[in-house]
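# A look at the structure
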Amino acid sequence: MAANSSVPRAVRDAGPSGWLAVPALVFFLVFAVVPLAGVVFLSFTSWDGLREIRLDGLGSWATVLTDPVTGNALLVTAKIMFFSFMVQAPVSLLLGVFTAGGQKYRAALAVLYFLPLLLSSAAVAIAFKALLDPNFGLGPGLQVPILIQDWLGNSDLVLFVVVFVIAWQFVPFHTLIYQGGVRQIPTSLYEAAEIDGAGRVRQFLNITLPQLKYTIITSSTLMVVGSLAYFDLIFVLTGGGPGYSTRLLPLHMYLTGFKANDMGAASALGVILIVIGLGLALLLQRLGGKNRNASQLEGA
Amino acid sequence: MASTTSTTQLPVPPAAPVRTAAAPRPDVRRASRFRPNLLGGLGGWLWLGVIILPIYYVVITSLKNQAGFFASNPMLPPAEPTLDNYKLVLENDFVRYFTNSVVVTLGTVIPALFVSFMAAYAIVRGKGRFVNWTNNLFLLGLAIPLHATIIPIYWMITRAHLYDTLLALILPSIAFAIPVSVLILSNFMRDVPNELFESMRLDGCSDWAMLWRLALPMTKPAVITVGIYNALHVWNGFLFPLILTQSPGTRVLPLSLWTFQGEFSVNIPAVLASVVLATLPLLVLYVVARRQLISGLTAGFSK
């Protein structure tokens with residue numbers, strides 16, 4: 001505040017004591033920070049989930065790092081991350097611009113576009129499992145031969161099916177983000193461009209895209225880092241199969257820990273997941289140019 | 001928890017308070033009104049098909065009886081629609097799972113909002129190393145895929161003898177909701193003019209009083225938004241229920257869909273009826289309060 005304020009200094013400077021932050025901090029320390037340390041600790045132990053936890057040095061790490069399934073899980077994770085970004089980013093950007101338009105029919109369509117947001121991942125997975133059934137689903141229903149496939153049983157196809165279902169579930173969320181971004185672009189920019197005779201495509205490329213820079217960074221970060229958390233959808237849809245073809249890292253961690261009862265190895269996978277997630281988040285922030293956190297934190 | 005777990009890892013702080021996503025802006029793209037964007041329109045309708053087809057399939061199939069499901073064309077509505085599947089699902093303890101979901105959601109969201117709101121106030125109004133450090137810790141929590149910590153959480157919950165209780169779901173869900181809640185609430189609280197706080201302090205108000213009599217009323221829309229955001233994630237959460245509960249007595253809705261799938265196995269219409277029933281509460285909410293729900297969904301990420 002203004003330094004020449006007439007308010008006495010002692011009163012002005014008296015902020016609330018930090019204790020107001022303590023309850024949230026305690027919750028977060030106990031159920032997020034302690035587990036974070038715990039996952040590192042457990043990765044150096046051997047534990048089946050029931051009996052005593054035994055220190056095991058680098059045993060679990062050796063298991064995880066020499067297991068070809070781990071490498072495969074990393075590859076599947078990278079593929080799903082890449083393809084779902086390549087599908088979701090352009091589609092949600094275009095839909096965001098589309099739904100930000102003022103036309104009545106677009107507003108009506110938008111109401112329906114957002115319906116997938118209401119469904120849980122489990123619900124989406126179950127719905128698509130039925131829909132993609134080669135006997136009782138979409139293919140035989142529409143009588144289109146090419147659609148009659150064992151979509152979830154064919155290891156060449158299944159990855160793309162998973163990417164599609166992920167897009168179906170998450171494009172609406174990113175569409176919303178872009179819609180909000182487009183609506184904040186000053187109308188005057190478009191009016192000026194129109195006077196200059198710029199067409200729709202040029203307006204999109206020269207005004208909309210550059211103005212959406214931060215929206216694109218936000219949405220992309222959420223997409224990329226979020227794809228490390230695609231667990232429930234794939235767990236219910238394919239269970240990681242057929243074989244290991246959709247067993248991505250979070251699922252691999254869950255199955256190693258809770259199905260193969262090797263909590264030590266699963267913890268090592270958890271550490272890998274955390275390192276990748278943190279690395280990606282920091283990298284994307286870098287790529288985004290100036291760290292916008294700085295301004296966010298002002299006056300904190 | 002994030003279900004989507006998915007969309008919950010939010011590494012990027014929103015740059016500005018949420019605007020209501022659905023606020024009417026009649027004149028945004030004036031150009032299109034004069035020269036219709038045919039290609040855009042075509043794409044728009046095409047995407048509608050992509051979105052609606054699976055939903056249509058789920059709804060019509062849930063109304064078929066099993067014989068009809070095997071015999072009829074999968075994409076055609078049933079000749080004789082029946083609600084038997086819904087009856088079957090309701091008879092299989094659906095109400096209990098629904099109640100569990102309500103308890104877990106409210107039990108998470110209300111305490112999470114309470115502690116996050118106080119923390120946001122301390123972070124915005126307070127000074128000093130402790131407050132800064134706390135804020136940085138929460139920001140870091142946004143960038144870390146917290147779900148990678150499920151194994152120690154499982155260990156803690158079993159050691160605390162909370163395994164297979166609703167509290168086992170509530171406690172970690174509160175913790176996971178805190179970083180994003182504090183971030184969004186503090187962004188909004190910064191917009192409350194400092195003079196208001198100062199004049200209240202001169203009147204002899206304590207921080208506790210200012211928190212509830214000034215900060216809360218001024219940031220009410222944000223509180224609602226954050227509440228909805230968290231509620232959706234907890235309501236649809238799957239991972240915590242999967243690893244921290246076991247018996248039907250503590251089953252929540254998303255997990256019940258998965259178990260219905262196992263129990264009914266070949267009775268696809270009944271499985272899909274459970275999907276419809278589980279989504280119905282949110283659909284009702286969507287119909288009556290679409291704007292609030294939508295702004296809660298993006299909770300401050302729209303730029």
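Residue indices follow the written sequence of each chain, beginning from 1 at its first position. Here chains are named by letter from A upward and ligands by number from 1 upward, in the order in which they appear as written. Per-residue local features are limited, in this predicted model, to residues with pLDDT of at least 70; the limit for side-chain atom pairs, both in listing and counting, is 80 or more; totals at the level of whole chains, interfaces and linings are taken over all residues. Working from all heavy atoms in the structure, the side-chain values ignore hydrogens and water.

## Quick look at the overall build of chain A
- Going along the chain from the N terminus, every DSSP run of H or I of four or more residues is numbered as a helix, and every run of E of two or more is numbered as a strand. Secondary structure assignment for chain A yields 15 helices and two strands.
- Counting only residues that meet the buried cut, chain A has 54% of its 300 residues in that class.
- What makes two residues a contact is simply this: any of their non-hydrogen atoms within 4.5 Å. Look at the contacts in chain A between residues 6 or more apart in sequence, and 66% of them connect residues 24 or more apart.
- Note on areas: Shrake-Rupley, 1.4 Å probe, and residue coverage restricted to the protein chains presented here. Summed over its atoms, the accessible surface of chain A is roughly 12,500 Å², and 67% of this surface lies on carbon and sulfur atoms. Exposed residues in this analysis have more than 50% of their type's maximum accessible area, buried residues have under 20%, and partly exposed residues fall in between, with area computed by a 1.4 Å probe over protein chains only.

## Some points on the overall build of chain B
- Scanning chain B for helices and strands turns up 14 helices and zero strands.
- Shown N-terminal to C-terminal, the secondary structure of chain B runs as helices and strands in the order α-α-α-α-α-α-α-α-α-α-α-α-α-α.
- Buried positions account for 61% of the 303 residues belonging to chain B.
- Summarising the internal contacts of chain B: among those between residues at least 6 apart in sequence, 75% fall at separations of at least 24.
- About 12,000 Å² of surface is accessible on chain B, with carbon and sulfur atoms providing 67% of the total.

## Some points on the confidence of the model for chain A
All names here are of chain A.
- Residue-level confidence of the predictor is summarised by pLDDT, bounded by 0 at the bottom and 100 at the top. Chain-level statistics for chain A give a pLDDT mean of 84 and a share of 90% at 70 or above.
- Every residue in residues 1-13 is under pLDDT 50, and counting partners more than four places away or in other chains gives 14 contacts.
- Across residues 290-300 the pLDDT falls below 50, and counting only partners more than four positions away or on other chains, this stretch makes 23 contacts in the model.

## What to know about the packing of aromatic side chains
- Side-chain rings of Phe, Tyr and Trp (the six-membered ring for Trp) are treated as a pair once their centres are within 6.5 Å; stacked means planes under 30 degrees apart, edge-to-face means over 60, and tilted covers the remaining angles. Taken as a whole, this structure holds 27 aromatic pairs over all chains when the rule is applied.
- Considering the side-chain rings of phenylalanine 235 of chain A and tyrosine 254 of chain A, the 5.3 Å spacing of their centres and the 80° angle between planes classify their relative orientation as edge-to-face. Within this pair, whereas phenylalanine 235 of chain A is found in helix α12 (residues 232-237), its partner tyrosine 254 of chain A is found in helix α13 (residues 249-259), the two being separated by 19 residues in sequence. For the pair phenylalanine 235 of chain A and tyrosine 254 of chain A, a shared accessibility class is recorded, and that class is buried.
- Consider the rings of phenylalanine 235 of chain A and tryptophan 258 of chain B, whose centres lie 5.3 Å apart with planes at 45°: the pair is tilted. Taken as a pair, phenylalanine 235 of chain A in helix α12 and tryptophan 258 of chain B in helix α12 (residues 253-264) lie in two separate chains rather than in one.
- With relative accessibility at 9%, the residue phenylalanine 235 of chain A sits in the buried group.
- Residue class for tryptophan 258 of chain B comes out partly exposed when judged on its relative accessible area of 29%.
- The rings of Trp47, Phe231, Phe235, Tyr254 and Phe258 of chain A together with Tyr154, Tyr163, Phe238 and Trp258 of chain B are connected pair by pair, giving a single aromatic cluster.

## Section: helix α5 (residues 129-143) of chain B
- A helix is expected to reach a length of 1.5 Å times the quantity of its residues less one. For α5 of chain B, built from 15 residues, the straight-helix expectation of 21 Å at 1.5 Å per residue is met to within 8% by its first-to-last C-alpha distance of 21 Å.
- Along α5 of chain B, the residues classified as buried are Val131, Thr134, Asn135, Leu137, Phe138, Leu139, Gly141, Leu142 and Ala143 of chain B.

## Some remarks on the nonpolar core
- Ile80 of chain A together with Ile151 and Leu244 of chain B are the most contacted members of the largest nonpolar core, which totals 181 residues.
- What leucine 244 of chain B contacts, discounting residues up to four positions off in sequence, is Ile153, Tyr154, Ile157, Tyr163, Asp164, Thr165, Ala168, Leu169 and Pro172 of chain B.
- Note on terminology: a nonpolar core comprises buried Ala, Val, Leu, Ile, Met, Phe, Trp, Tyr and Cys residues joined through side-chain atoms within 4.5 Å. Among the nonpolar cores identified, the runner-up in size contains eleven residues, and Leu93, Tyr178, Ile207 and Leu212 of chain A belong to it.

## Some details on the interface of chain B and chain A
- The interface is formed by 125 residues belonging to chain B together with 122 residues belonging to chain A.
- Approximately 11,000 Å² of surface area, both sides summed, lies buried where chain B meets chain A, with 73% of it carried by carbon and sulfur atoms.
- Pairs of N or O atoms are called polar contacts if they sit within 3.5 Å, as long as, within protein, a hydrogen donor faces a hydrogen acceptor (for residues adjacent in sequence, only side-chain-to-side-chain pairs). Counting the contacts that link chain B with chain A gives five residue pairs in polar contact (both at pLDDT 80 or more).
- Examining the composition of the side of chain B that touches chain A, we find that 14 residues originate from one element, helix α2 (residues 38-62) of chain B, more than from any other.
- Polarity classes work like this: nonpolar for Ala, Val, Leu, Ile, Met, Phe, Trp, Tyr, Cys and Pro, charged for Asp, Glu, Lys and Arg, and polar for all others, with Gly in that last group. Among the residues making up the side of chain B that touches chain A, the classes are represented as 83 nonpolar, 27 polar and 15 charged. We define buried area as the total accessible area lost by two parts upon association, computed with a 1.4 Å probe and summed across both.

## A closer look at a nonpolar patch on the surface
- Only residues whose relative accessible area exceeds 30% and that take part in no salt bridge are eligible for patches, with like-charged residues grouped when within 9 Å of each other and nonpolar side chains (Val, Leu, Ile, Met, Phe, Trp, Tyr) grouped when within 5 Å. Salt bridges are defined as contacts in which a side-chain nitrogen from Lys or Arg sits within 4 Å of a carboxyl oxygen from Asp or Glu. A cluster of nonpolar side chains, contributed by Trp19, Val22, Val26 and Val30 of chain A together with Phe114, Phe130, Trp133 and Trp208 of chain B, occupies part of the molecular surface with about 760 Å² of accessible area.
- We classify valine 30 of chain A as partly exposed; its relative accessible area is 33%.

## Re the packing of helix α4 (residues 68-100) of chain A against helix α10 (residues 200-211) of chain A
Residue and element names in this part refer to chain A.
- Every axis in this analysis is a line fitted to C-alpha atoms, fitted for helices over the stretch in contact. Angles between the N-to-C directions lie between 0 and 180 degrees. It is the contact of α4 with α10, at a shortest axis distance of 13 Å, that shows an interaxial angle of 95°. Relative to α10, α4 is oriented roughly perpendicular. For the pair α4 and α10, contact is made by Leu93, Leu94 and Val97 and by Phe204, Thr208 and Leu209, respectively.
- Classifying every residue of the contact of α4 with α10 by side-chain character gives five nonpolar, one polar and no charged. Just so you know how the angles are binned, under 35 degrees is roughly parallel, over 145 roughly antiparallel, 65 to 115 roughly perpendicular, and the rest oblique.

## Thoughts on the environment of leucine 251 of chain A
All names here are of chain A.
- By the secondary structure assignment, leucine 251 is in helix α13.
- Overall, leucine 251 belongs to the buried group, its relative accessible area being 0%.
- Sequence separation of leucine 251 and phenylalanine 231 is 20 residues, and the distance between their C-alpha atoms is 5.8 Å.

## Focus: the packing of α4 of chain A against helix α8 (residues 158-183) of chain A
Residues and elements named next belong to chain A.
- Where α4 contacts α8, the two axes come as close as 6 Å, and the packing angle between them is 40°. Classified by the interaxial angle, the pair formed by α4 and α8 is oblique. α8 is crossed by α4, and the crossing has right-handed handedness.
- Counted by class, the contact of α4 with α8 contains 20 nonpolar, eight polar and two charged residues. Each helix crossing is assigned a hand: it is left-handed if the near helix lies turned anticlockwise from the far helix by less than a right angle, otherwise right-handed if that turn is clockwise.

## A look at the pattern of salt bridges
Residues and elements named next belong to chain B.
- Summed over the entire model, instances satisfying the criterion amount to four salt bridges over all chains.
- When the shortest N-O distance is used, the salt bridge between aspartate 93 and arginine 96 registers 3.8 Å. Note that aspartate 93 and arginine 96 are positioned in helix α4 (residues 84-125) at a spacing of three residues, about one turn of the helix.
- We classify aspartate 93 as partly exposed; its relative accessible area is 34%.

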